[in-house]
Amino acid sequence: MIKEKSNTTLTFEDFKTEVLNDYKIAVTSRECSLLGRKEVLTGKAKFGIFGDGKEVPQLAMAKSFKNGDFRSGYYRDQTFMMAIGELTPKQFFAGLYGHTDLEYDPMSAGRQMGGHFVTHSLNEDGSWKDLTKQKNSSADISPTAGQMPRLLGLAQASKIYRNVDGIKTKDKFSVNGNEIAWGTIGNASTSEGLFFETINAAGVLQVPMVMSVWDDEYGISVHARHQTTKENISEILKGYQRDEDSNGYEIFRVKGWDYAELVSTYERAAAVAREQHVPVLIHVNELTQPQGHSTSGSHERYKNAERLAWEKDFDCIRQMRLWMIAINIASPEELAEIDAQLKKEVLEAKKEAWNSFINPIIEDQKNLMALLEQISAASINHKDKIQKYISELSVIKSPLKKEMLVIARKILRFIEIPNSKVLLSNWITNYIEITQPRFSSHLHSDSDQNVFSVEKVLPEYSDNAKADLDGRMILRDNFDALFTKYPEALIFGEDVGNIGDVNQGLEGMQEKYGELRVADVGIREATIIGQGIGMALRGLRPIAEIQYLDYLLYAIQIMSDDLATLQYRTVGKQKAPLIIRTRGHRLEGIWHSGSPMGMIINAIRGIHVLVPRNMTQAAGFYNALLETDEPALVIECLNGYRLKEKTPLNFGEFKTPIGVVETLKEGSDITLVSYGSTLRLVEQAANELLELGIDCEVIDIQSLLPFDINKDIVKSIAKTNRLLVIDEDVPGGASAFILQQILEEQDAYIHLDSKPQTLAAKAHRPAYGTDGDYFSKPSAEDIFEKVYTMMNEVNPSKFPSLY
Ligand SMILES: Cc1ncc(C[n+]2csc(CCOP(=O)(O)OP(=O)(O)O)c2C)c(N)n1
Ligand SMILES: [Mg+2]
């Protein structure tokens, strides 16, 4: 084992030091788990999920993990994080308490429950650190197997960096593509589709991924016999094993308590992945859970006596200790002394973490009590009541911010002395103002590269330009300009490569830019997004294509859980500026003309959602997004690829600003707000209405998230005093959001003379064929009549009813 690691001979003393050091990390980690559980059971922390029973394999993984490498794992990996030097016991406890300061809890400043790990990829200003000089962990999420899709992209980035020339930004992310992406997952979570989807895709792509399965035979209370065919994940994945004739995986199986074997297995795995870019699966079995799954419940309920006894015997640290004694690395007495010393150190770290967490809050409590005493002294009618609250507050030994605010806000309601009221209301608003960002900041990028930094650049046209170019050619020529301009940009999706996407918006691009940058992939939407997230986390500029908007549902979970929460859950310490390209709205039948925009915008807050009306606007969004550091979904109009548009002269340069609406037609009677394919029908109806003397103002939202940042829609309503929102989502879908934004955020209700209305599609899925569309989605006639009816209510004699 040790000989393989370095060519220089290692003395027994060196070897001993290394093993002892590992042992200390394992014991430290275990002590954290044991004490962590107590902190929850005594009420100081809310919930705990720990890494006990999985310590030893993580030491082995950490030994082969190099600078530049990335982990994508789950909540059991605290020992690994400690072994790579990215988690101290003090930080561990700060996380458990929910310390809302990154200085203390670098994992999420208390936003995530413990056991969700991360390293910081970004500087304070949001710019990239040199990731080749540090050990990296992508930020964990709780949905089991949710770490898998991004793992694929993290591994693929190495392949791109090794094989694609000319990426100028490479230096901070890769040294010749030598980096491994290390995945970890629990045995039970391998039942998830995301696991199998990722495993297959990594085998196809041949990327440097080392996937560890921590197998403790259980998923909470459910035994492997209910989880995995043959109760053995490496057994059933055997078909992925590579041989002389075909690519595939290298598969290892190793016992989780066998330190020596683990170290050598991980070294072999790393060599294969790093040098040959072959994915590796390591099935680590015979692991345990000394304290059960988490602090909720105990495993004695579902493990029998025999299993519990076996878990005691085969506790990985116990086995490591026996091995160390057997080969004379240390005596039982020496190890007992180490154990005792580490126990003390962890206890000390816990105390320090607690004091750092609680003392500032106790200080706040004191300040509030002093203020309340002052208010009580001044009060004429409510002294007793205020004193009662003060004594309630004074007995709280470990105060929560909530407890202080509850009391302060209750007292505010009955204070009768004006000066006291001002003092207390100031205290409350200041306290909320300081505290709220600790829980709500960084939904989006805060950097100066965020979407609001984009300046509008209009498309330029020759003097006599006519609308004579197919929309899809606008996209194609624009992508061409972008791939030249950004060597780190790449696109992948179903049918994207060889045929240049199903609508030929990428025609000829693969020939020009190669199979790695313009790539066909399998039918696997979730991992298409995962590829994008992982590669974006490593500095590339991926564009992940989902063939049709209706199939975004397969990907929406990972967009929602992973991509949309990334900035938020890392408090701005990681970013994945992934562009997701798809096409939707009207075409044919249930699964090629959906527009479930309400579902989408509500599921993916944190990702921008752009709905361009034509391909020039869409291209302008791509051009803008590549200048920003934020993720976005761009939905092209499925029925717009053959529509003619003017040919811009400045491909790759013109930019559609993000969050800004566009007024397409000015009018004075009513404001019509819409987006995407339906907008063309709105324009048609507006022209027909004009013939009857109804002058509509037509506004293209363009960007559902962010929504009308300049509040231009209310300016229009101030003029027209009427509003109709039209889209082709279900009733109360995106149109409800649009209405909420306009009425509540923009206060448009004060300008309205008619009831604000929405016109959406039917609640059912869109039926097939032209008539199916006509009877499922708003038509130009529906829009015309809806507006006309609103005007009939205003002036029946001028606009007599139609029916
Ligand atoms: C998608 C999803 N479903 C259910 C859960 C609840 N849950 C959390 S951990 C867990 C069991 C996971 O078992 P395993 O993968 O074997 O990991 P272990 O905890 O045993 O290490 C479950 C069901 C979840 N977090 N995510
Ligand atoms: Mg398990």
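For the structure, check the block above.
Residues numbered from 1 in each chain as written. Chains lettered and ligands numbered in written order. Predicted model: local features only at pLDDT ≥ 70, side-chain atom pairs only at ≥ 80, totals over all residues. Heavy atoms only, no water.

**Focus on the sheet that holds strand 19 (residues 696-700)**
Heads up, the condition is: Note on pairing: two strands pair once DSSP finds at least 2 bridges between them. A run of H or I in DSSP becomes a helix once it reaches four residues, and a run of E becomes a strand once it reaches two; helices and strands are each numbered from the N terminus. The axes used here are C-alpha line fits, helices contributing only the stretch in contact, and every angle between their N-to-C directions lies in the interval 0 to 180 degrees. For this analysis, residues touch if any pair of their heavy atoms sits within 4.5 Å.
With respect to topology, five strands assemble into an open sheet ordered 17-19-18-21-22, the strand pairing being mixed. Of all strands in the sheet, those with a lone pairing partner are strand 17 (662-665) and strand 22 (757-759), marking the two edges. Pairwise comparison of adjacent strand axes, ignoring direction, gives a mean angle of 25° for this sheet. Seen against the sheet, helix 25 (residues 734-745) touches strand 18 (670-674), strand 21 (723-726) and strand 22 and runs at an angle of roughly 150° to strand 21. The sheet strands contacting helix 27 (residues 780-794) are strand 18, strand 19, strand 21 and strand 22, and the helix crosses strand 22 at an angle near 165°.

**With respect to the site of ligand 1**
Quick reminder of the rule: Any residue with a non-hydrogen atom lying within 4 Å of a molecule or strand is treated as near it. Residues adjacent in sequence count toward polar contacts only when both atoms are side-chain atoms; beyond that, a polar contact is any pair of N or O atoms within 3.5 Å, and within protein one must be able to donate a hydrogen and the other to accept it. All accessible areas in this document rest on Shrake-Rupley with a 1.4 Å probe, and a residue is counted as covered only by the protein chains that are shown. Residues are grouped as follows: Ala, Val, Leu, Ile, Met, Phe, Trp, Tyr, Cys and Pro are nonpolar; Asp, Glu, Lys and Arg are charged; every other residue, Gly included, is polar.
Surveying the vicinity of ligand 1 reveals 18 residues, the closest of which are Tyr74, Tyr75, Arg76, Asn187 and Ser189. Within the backbone of glycine 186, one N or O atom sits 3.4 Å away from an oxygen atom of ligand 1. Here an oxygen atom of ligand 1 sits 2.8 Å away from a polar atom, N or O, in the main chain of tyrosine 218. Protein contacts shield 71% of the accessible area of ligand 1, which totals 590 Å² for the unbound molecule. Partitioning the shell around ligand 1 into residue classes produces six nonpolar, eight polar and four charged.

**Observations concerning the packing of aromatic side chains**
Convention followed: We call Phe, Tyr and Trp rings a pair once their centres come within 6.5 Å, taking the six-membered ring for Trp, and we label the pair stacked below 30 degrees between planes, edge-to-face above 60, and tilted otherwise. Exposed residues in this analysis have more than 50% of their type's maximum accessible area, buried residues have under 20%, and partly exposed residues fall in between, with area computed by a 1.4 Å probe over protein chains only. When the NZ atom of lysine or the CZ atom of arginine is within 6 Å of a ring's centre and also within 35 degrees of its normal, the charge is said to sit over that ring.
Counting across every chain of the model gives 31 aromatic pairs. Summarising the aromatic geometry, the rings of tyrosine 74 and tyrosine 75 are spaced 4.6 Å apart at their centres and angled 75° between planes, so their arrangement reads as edge-to-face. Judged by its relative accessible area of 7%, tyrosine 74 is buried. Tyrosine 75 gets classed as buried once you look at its relative accessible area, which sits at 15%. One aromatic cluster is present, built from ring pairs that chain together Phe50, Phe92, Phe93, Tyr97, Trp354 and Phe357. Taking NZ or CZ as reference, lysine 385 lies 4.2 Å from the ring centre of phenylalanine 414, over its face.

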